[in-house]
Amino acid sequence: MADAFGRMVLDHHRGAYDGSGRYRSYDGTTREAHPEWYFGESFPPETEAALERVRRVDGLVIDAGCGTGSKALALQRDDVDVLATDVSSGALAVATDRGVDRIARADLRSLPAVADCIFLSGTQFGIGGTVDSFRSTLRGLAAATTEDGRVVGDLKDPSDVADSRIAGRDELRSYDPDRGVGHRRTRLEYRDLEGPWLELLCLTPDAARRAVAETEWRVTEVVEGDGPRYYLVLDR
């Protein structure tokens, strides 16, 4: 599988980014990728608040899908015991070079340790594109956490995505306002590389609560921001 994301952020980190990064929607529409967004040392208010919910947990935190390691570094600076994982070898190389102490190459369904808290940023909760796949992800995360474990992860509200180009409006393949369920389809292209098509579920907070209610988890808190993204705080 082509590591388009890893190549893009590695090039940016080395000062060799050529500006060709694009996100392509299911209908062929493209929007510019901004690799610099993955290197920030400060985050939107909802992400800062979500990280604070992570810091409240004692024990091992897995930053799953860590990308360039920005959030792992923020946790590390506060002496959190954090293990950063990603499927992208290029992204992990960047995270290591930036100072992340512990990394492992792993996807969300094959995490290398049992954690007290798993942090997901980048709408990975929605991978698979369906409510059933979301519940399947939650079952897998239950197996990868301690009995009193926590998961903090973000989703996008499809009602807001539909009104916001920056949130990926052109990637919104379907949206059922009665159910509060939407579906995005996108991939990253960089230089001569094409990343995999990503099927991403979007849920309104109410729809997310209904979906979580049929799993081992309970929604402790919904951390909302100014845009379509919000974080779920889930406890066992």
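Residues numbered from 1 in each chain as written. Predicted model: local features only at pLDDT ≥ 70, side-chain atom pairs only at ≥ 80, totals over all residues. Heavy atoms only, no water.

### Description of unusual backbone geometry
Here is the rule we go by: In this text, helices come from DSSP runs of H or I with a minimum length of four residues, and strands from runs of E with a minimum of two, each type numbered from the N-terminal end. Exposure categories follow from relative accessible area, calculated using a 1.4 Å probe and restricted to protein chains: below 20% of the type maximum is buried, above 50% is exposed, and the middle band is partly exposed.
One non-glycine residue, Thr123, lies in positive phi territory at about 55°. If you trace the backbone, Thr123 turns up in the loop between β6 (115-120) and α5 (131-143). Residue class for Thr123 comes out buried when judged on its relative accessible area of 9%. The phi dihedral of Arg191 falls on the positive side, at around 50°, and the residue is not glycine. Relative to the helices and strands, Arg191 is located in the loop between β9 (181-190) and β10 (193-194).

### Section: the packing of aromatic side chains
Worth spelling out the cut-off: Aromatic contacts are taken between Phe, Tyr and Trp rings whose centres are within 6.5 Å, Trp giving its six-membered ring; a plane angle under 30 degrees counts as stacked, one over 60 as edge-to-face, and the others as tilted. Here, a charge over a ring is recorded when the distance from Lys NZ or Arg CZ to the ring centre is within 6 Å and its angle to the ring normal is within 35 degrees.
Following the criterion strictly, the structure yields 4 aromatic pairs and no others. Here the aromatic rings of Phe119 and Tyr231 are separated by 6.1 Å at their centres, their planes lie at 10°, and the arrangement is stacked. Placement of Phe119 in strand β6 and of Tyr231 in strand β13 (residues 229-235) is noted, with a sequence separation of 112 residues between them. Side by side, Phe119 and Tyr231 carry an identical accessibility label, which is buried. Over the ring of Trp197 we find Arg185, and its NZ or CZ is 4.4 Å from the ring centre. Sitting over the face of the ring of Trp217, Arg236 holds its NZ or CZ atom 5.3 Å from the ring centroid.

### Overview of the pairing of β6
The condition that has to hold: Between any two strands, pairing holds if DSSP finds at least two bridges.
Within β6, 6 of the 6 residues are buried, which leaves the element mostly enclosed by the surrounding structure. The pairing of strand β3 (residues 60-64) with β6 spans 4 bridges and is classified as parallel. Looking at β6, one finds that Ile62 is bridged to Ile118. In this structure, β6 lies alongside strand β7 (residues 145-156), joined through 5 bridges in parallel fashion. Bridging from a neighbouring strand, Phe119 pairs with Val152 of β7.

### Section: the pairing of strand β12 (residues 218-224)
For a regular strand, side chains alternate in direction, first toward one face of the sheet and then toward the other. One ladder, built from 6 bridges, connects β12 with β13; its direction is antiparallel. Note on β13: the bridge partner recorded for Glu224 is Tyr230. Between β12 and the antiparallel strand that follows it, β13, lie 4 residues.

### Regarding the nonpolar core
Taken as a class, soluble globular proteins show a tendency for nonpolar side chains to be buried jointly. Definition in use: Within this scheme, the nonpolar core is defined by two criteria: the residues are buried Ala, Val, Leu, Ile, Met, Phe, Trp, Tyr or Cys, and they are joined through side-chain atoms within 4.5 Å. Only heavy atoms enter the contact rule, under which two residues are in contact if any of them lie within 4.5 Å.
Counting 32 residues, the largest nonpolar core has Ile118, Phe125, Phe134, Leu141, Leu203, Leu232 and Leu234 as its most contacted members. Every element with two or more residues in this core is listed here: β3, β6, α5, β7, β11 (198-203), α7 (205-212), β12 and β13. If we skip the residues at most four places from it in the chain, Ile118 touches Ile62, Ala64, Leu111, Leu141, Ala144, Thr145, Arg150, Val151 and Val152. By size, the runner-up hydrophobic cluster in this structure holds 24 residues, among which are Val61, Cys66, Cys117 and Val233.

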